[in-house]
Amino acid sequence: MKQIEQREPEDESISDLVSELQELVLRRQTLLDALVSDPLFIDREALEQQFDMTQTLIKQSTRILSFRHSLLQVGIKTKRQINVYKAIDSNR
């Protein structure tokens with residue numbers, strides 16, 4: 001997540017990082033599902049820790065998503081402005 005936060009919005013490697021993150025989250029979910037469905041596993045504290053970690057991951061990813069989205073919106077707005085200026089200049 002830190003690598004995603006530190007990259008520029010135009011950086012092509014972000015897609016790879018997001019795909020890797022998604023794969024890791026899916027693996028984690030599979031492991032947690034197996035743990036929860038195991039009738040012999042009764043460690044409530046471990047499950048609570050995993051729940052807390054999940055909540056932390058959700059908060060981090062939501063913050064990153066919001067920040068990245070705002071960066072992209074600024075970039076889109078800037079490109080529109082440049083295109084308007086180019087159109088005005090070409091009409092002169």
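Every chain's residues receive numbers from 1 upward, in the order its sequence appears when written. Local features are withheld for residues below a pLDDT of 70 in this predicted model, meaning they are given only at 70 or higher, and side-chain atom pairs are given and counted only at 80 or more; totals for whole chains, interfaces and linings count all residues. Hydrogens are left out, water is left out, and the side-chain values use all remaining heavy atoms of the structure.

Examining the overall build of the protein
At step 1: Counting its regular elements, the protein contains 3 helices and 0 strands.
At step 2: Going along the chain from the N terminus, every DSSP run of H or I of four or more residues is numbered as a helix, and every run of E of two or more is numbered as a strand. Of the regular secondary structure in the protein, the N- to C-terminal order runs α-α-α.
At step 3: Over its C-alpha trace the protein gives a radius of gyration of 21 Å, far above what one expects of a compact globule, namely 12 Å for 92 residues.
At step 4: If you line up the protein on its principal axes, its C-alpha atoms span 80 × 20 × 20 Å.
At step 5: Only the protein chains shown count as cover for residues, with accessible areas throughout obtained via the Shrake-Rupley method and a probe of 1.4 Å. Summed over its atoms, the accessible surface of the protein is roughly 8100 Å², and 57% of this surface lies on carbon and sulfur atoms. Throughout, the radius of gyration refers to the C-alpha atoms, and the reference size of a globule is 2.2 Å times the residue count to the power 0.38.

A few points about a nonpolar patch on the surface
At step 1: A patch consists of residues exposed above 30% relative accessible area that lack any salt bridge, with like charges linked at up to 9 Å and nonpolar side chains (Val, Leu, Ile, Met, Phe, Trp, Tyr) linked at up to 5 Å. By salt bridge we mean one thing: a side-chain nitrogen of Lys or Arg within 4 Å of a carboxyl oxygen of Asp or Glu. There is a patch of nonpolar side chains on the surface, built from V84, Y85 and I88 and spanning about 320 Å² of accessible area.
At step 2: By the secondary structure assignment, Y85 is in helix α3 (residues 44-90).

What to know about the layout of surface pockets
At step 1: Any residue with an atom within 4 Å of a point lines the site, the site being either a cavity, points on a 1 Å grid over the protein atoms alone where a 1.4 Å probe fits but cannot get out, or a pocket, an open set with protein on both sides within 12 Å along at least 5 of 7 lines. Grid points are joined across faces, edges and corners, and a volume is the space filled by probe spheres set on the points. Taken as a whole, the largest pocket holds about 430 Å³ of empty space.
At step 2: Contributing to the lining of the largest pocket are 19 residues, with M1, L21, V25, L57 and S61 lying nearest its centre.
At step 3: Contributions of two or more residues to the lining of the largest pocket are made by α2 (13-37) and α3.
At step 4: When residues of the lining of the largest pocket are assigned to their parent elements, the largest contribution, 9 residues, is made by α3.
At step 5: Three classes are used, and their members are as follows: Ala, Val, Leu, Ile, Met, Phe, Trp, Tyr, Cys and Pro are nonpolar, Asp, Glu, Lys and Arg are charged, and the others, Gly among them, are polar. In terms of residue class, the lining of the largest pocket is made up of 12 nonpolar, 5 polar and 2 charged.

Let's talk about α2
Owing to its 3.6 residues per turn, the α-helix aligns residues three or four sequence positions apart on the same side.
At step 1: The span one expects for a helix is its residue count, reduced by one, times 1.5 Å. If you check α2, its first and last C-alpha atoms are 36 Å apart, about what 25 residues at 1.5 Å a residue would give, namely 36 Å.
At step 2: Buried, partly exposed and exposed residues are distinguished by accessible area as a fraction of the type maximum, computed with a 1.4 Å probe on protein chains only: under 20%, between the cut-offs, and over 50%, respectively. Residues of α2 that are buried: I14, L17, R28 and L32.

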